Amino acid sequence: MSTALVLFRRDLRLADNPALHAACSAHDRILPVYVHDPAADGDWAPGAASRWWLHHSLRALDQTLSCQDGRLHIATGDTLTCIRQLCAASGARAVYWSRRYEPAAIAHDSALKAALRADGIEVHSHSGNLWREPWTLATDGGQPYRVFTPFWRRLRAQLPAPTPLPIARARQWLQADGGLPVAALGLLPAIRWDAGMAAQWTPGEAGARELLEIFADDAVNDYAKSRDLPARHGTSRLSPHLHFGEITPVQIHALLQQRAQQAGGASVRTSSPICANSAGANSPTTCSTTSRTRRRRTSTRASMPSLGRRTPPPCSSRWQRGRTGIPLVDAGMRELWHTGWMHNRVRMVVASFLTKNLRQHWHHGARWFWDTLVDADLANNTLGWQWVAGCGADAAPYFRVFNPYLQSAKFDPDAAYLKRWLPELAALPARTLHEAWKNPSALAACGYPAPMVDLAASRQAALAAWESLPSA
DNA sequence: TTTTGAGTTGTTCGA
DNA sequence: GTCGAACAACTCAAA
């Protein structure tokens, strides 16, 4: 009877899980383990929203295992110490896990692998949650792609995509003594602000599958148009499930492809965001510094130099709380606060407002998102903020400053999204909200704050500040 | 090896 | 109201 330990991290699923699949194929008894090891998280410990999600996702995984007469063994402490103890107690001589891709996680896992192998334990790491692992897709010059379109073309040229693996079944799920209940990890907030999140989300593999089925049925045919409309659920909203590995890009692509064939279409236009999500453009310095010479100069101080401002304020609390006086910005920030999520287009708008109009460093915004998003993902969050701030690795025109009024008129024409998140303004006509700068008294009469900054003037100031930077 | 042209989730201005 | 040009920095891939 051979025994293996499977270490779950951000691959909280049984289906299409190569590491788990391999362990179940090669061994008779499987000990499924989650180790809570806060000391290993370093600078980027999960934020409050992510911890909430993790709590519920671990419970869901435990429940799924219990349907197969197994239980998830939960431990807390140093990962290596816990694994050594569990191997000794269970007789496991092999450990399996899915690879992670953040620089700190790679370093941690490399050290873990070396230590376990020195103990004489087999370690098998498998491709994790990505369609393609970052080092398998490069330009002809061997560099990572910096422009999305060539990257996307190359990826698509390599279809057909891999096929998802079936739900893993161990011949016997093993249980070890001393496992903790999920609640013992203290992941839930002390002050229960999470009611809005519980109403919105079902963390776990089953919840992910259900969301995917809905998306495949309703939204995918219209995705190209409706994904940009924040009032509609035109996006898949699978991002937190993807982040925690409850579902994989391969599974998503496979189901959409299948539905498209049933509908008679040749192939499905899978979204570029799903693909970008799987690209994981990590590099050792991405998360703290930026990669472009002229822009790097700006990022060390602020995303825009603070001309005429003696002391840059900390991350604006009005921005955080959705009280800037700019309707689309406030709607987005309140959606984030209540649900742990924000529509992608609105993320760009609120980020542009913080870094361009308020001229604050993108670090401030990235940190706030990190703490409040249920889908907070180091690569996606960091690179998204750099993209907006104009200091990312991609080729963005420096003059791209979003105009929140124009954006809401274009993408939320009937103001359904604005009114959902700004109920105090629900009685006003859509046009009044899209042209709020013309109607300050109408908004003020509803108790809505005046704009904290003049959009046109701050845009000009931001462009002038950029212009004043010396080129590298 | 060097050059050229497309691409880049936007806005504004003027015809 | 619609449309094209301007803003002007940089990467990638084809020539």
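A quick note: this is a predicted structure, and the numbers were derived from the prediction, not measured.

## What about the pairing of strand 3 (residues 73-76)?
Both strand 2 (residues 29-36) and strand 3 contribute to a ladder of 4 bridges, which runs parallel. Bridge assignment links Tyr34 to a residue of strand 3, and that residue is Ile74. Crossover strand 2 to strand 3 through helix 2 (residues 48-66) is right-handed.

## A closer look at the domain arrangement of chain A
When cut into domains, chain A gives domain 1 (3-128), domain 2 (130-161 + 204-283) and domain 3 (293-467). For domain 1 versus domain 3, the distance between C-alpha centres works out to 38 Å. Tallying the contact residues gives 7 residues for domain 1 and 8 residues for domain 3.

## Details of helix 14 (residues 327-339)
Between its first and last C-alpha atoms helix 14 spans 18 Å; for 13 residues at 1.5 Å apiece the expected length is 18 Å, and the two agree. Buried residues of helix 14: Pro327, Leu328, Val329, Asp330, Ala331, Gly332, Met333, Glu335 and Leu336, and no others. The inward-facing, buried residues of helix 14 contact helix 13 (317-321), helix 15 (344-357), helix 16 (362-372), helix 18 (404-411), helix 19 (416-421) and helix 20 (430-434). Once helix 14 finishes, Gly340 follows within two positions and takes phi at roughly 75°, a positive value.

## Some details on the nonpolar core
Leu5, Val6, Leu7, Ile30, Val33 and Leu418 are the most contacted members of the largest nonpolar core, which totals 82 residues. With residues near it in sequence (within four places) discarded, Leu5 still touches Leu31, Val33, Ile83, Leu86, Cys87, Ser90, Ala92 and Val95. Leu211, Leu212, Leu238 and Leu242 belong to the second largest nonpolar core, which has 9 residues in total.

## Re the packing of helix 14 against helix 18
When two helices pack together, you describe them by how their axes are tilted relative to each other and by the distance separating the axes. Interhelical geometry of helix 14 versus helix 18 gives an angle of 75° and a closest axis separation of 8 Å. The orientation of helix 14 relative to helix 18 falls into the category roughly perpendicular. For the pair helix 14 and helix 18, contact is made by Pro327, Leu328 and Val329 and by Pro404, Gln407 and Ser408, respectively. Class assignment for the residues of the contact of helix 14 with helix 18 results in 4 nonpolar, 2 polar and no charged.

## Re the pairing of strand 2
Of all 8 residues in strand 2, 7 are buried, a share of seventy percent or more. By the bridge criterion, 6 bridges tie strand 1 (residues 3-8) to strand 2 in an arrangement that is parallel. Each residue of the ladder has a partner; that of Leu7, found in strand 2, is Val33. Handedness of the crossover joining strand 1 and strand 2 through helix 1 (residues 18-26) is recorded here as right-handed. Bridge count for strand 2 against strand 6 (residues 172-173) is 2 bridges, and the pairing is parallel.

## Here's the deal with unusual backbone geometry
A positive phi angle, near 55°, is found at Arg237, a position not held by glycine. Taking the number of C-beta atoms within 10 Å as the measure of exposure, Arg237 has 19 and is therefore partly exposed. Despite not being glycine, Arg359 shows a phi value in the positive range, around 50°. Along the chain, Arg359 falls in the loop between helix 15 and helix 16.

## Brief notes about the confidence of the model for chain A
Counting all residues, the mean pLDDT for chain A is 86, and 86% of those residues have values of 70 or more. A low-confidence stretch, residues 269-312 (pLDDT under 50), is modelled with 89 contacts involving residues beyond four sequence positions or located in other chains.

## Some points on helix 3 (residues 79-90)
With 12 residues, helix 3 should reach 16 Å at 1.5 Å per residue; the first-to-last C-alpha distance of 16 Å fits that figure. All of the buried residues in helix 3 are Thr79, Cys82, Ile83, Leu86, Cys87 and Ser90. Mapping the buried residues of helix 3 onto a view down its axis gives an arc of 130°, with all of them on the same face. The outward face of helix 3, more than 90 degrees from its buried face, is lined by the exposed residues Thr81, Ala88 and Ala89. Along its buried surface, helix 3 packs onto strand 1, strand 2, strand 3, strand 4 (94-98) and helix 4 (103-118). In the segment just after helix 3, Gly91 is the residue with positive phi, at about 80°.

## Describing the packing of helix 14 against helix 15
The interhelical angle for the contact between helix 14 and helix 15, taken along N-to-C directions, is 115°, at an axis separation of 9 Å. Here helix 15 runs roughly perpendicular to helix 14, going by the angle between their axes. Handedness of the helix 14/helix 15 crossing: left-handed. The segment helix 14 lies against helix 15, with Leu328, Val329, Gly332 and Met333 engaging Val346, Val349, Val350 and Phe353. Across the contact of helix 14 with helix 15, the residue classes break down as 7 nonpolar, 1 polar and no charged.

## Concerning the environment of Ile167
Checked against the element boundaries, Ile167 lands in the loop between helix 5 (148-157) and strand 6. On the neighbour-count criterion, Ile167 (16 C-beta atoms within 10 Å) is partly exposed. Sequence-wise, Ile167 and Trp44 are 123 residues apart; in three dimensions their C-alpha atoms are separated by 31 Å. The residues contacting Ile167, other than those within four sequence positions of it, are Leu14 and Ala15.

The rules we used
- Residues numbered from 1 in each chain as written.
- Chains lettered and ligands numbered in written order.
- Predicted model: local features only at pLDDT ≥ 70, side-chain atom pairs only at ≥ 80, totals over all residues.
- Pairing = 2+ DSSP bridges.
- Helix = DSSP H or I, 4+ residues; strand = E, 2+ residues; numbered from the N terminus.
- Right-handed = clockwise from strand over helix to strand, strands pointing away.
- Domains from an automatic or database assignment.
- Contact = placed C-beta atoms within 7 Å.
- Expected span 1.5 Å × (residues − 1).
- Buried ≥ 20, exposed ≤ 12 C-beta atoms within 10 Å, placed from the backbone.
- Core = buried A, V, L, I, M, F, W, Y, C linked by C-beta atoms within 7 Å.
- Axes fitted to C-alpha atoms, helices over the stretch in contact; angles between N-to-C directions.
- Parallel < 35°, antiparallel > 145°, perpendicular 65-115°, else oblique.
- Nonpolar A, V, L, I, M, F, W, Y, C, P; charged D, E, K, R; others polar.
- pLDDT = per-residue confidence, 0-100.
- Arc of directions from axis to C-beta.
- Left-handed = near helix turned anticlockwise from the far one by under 90°.

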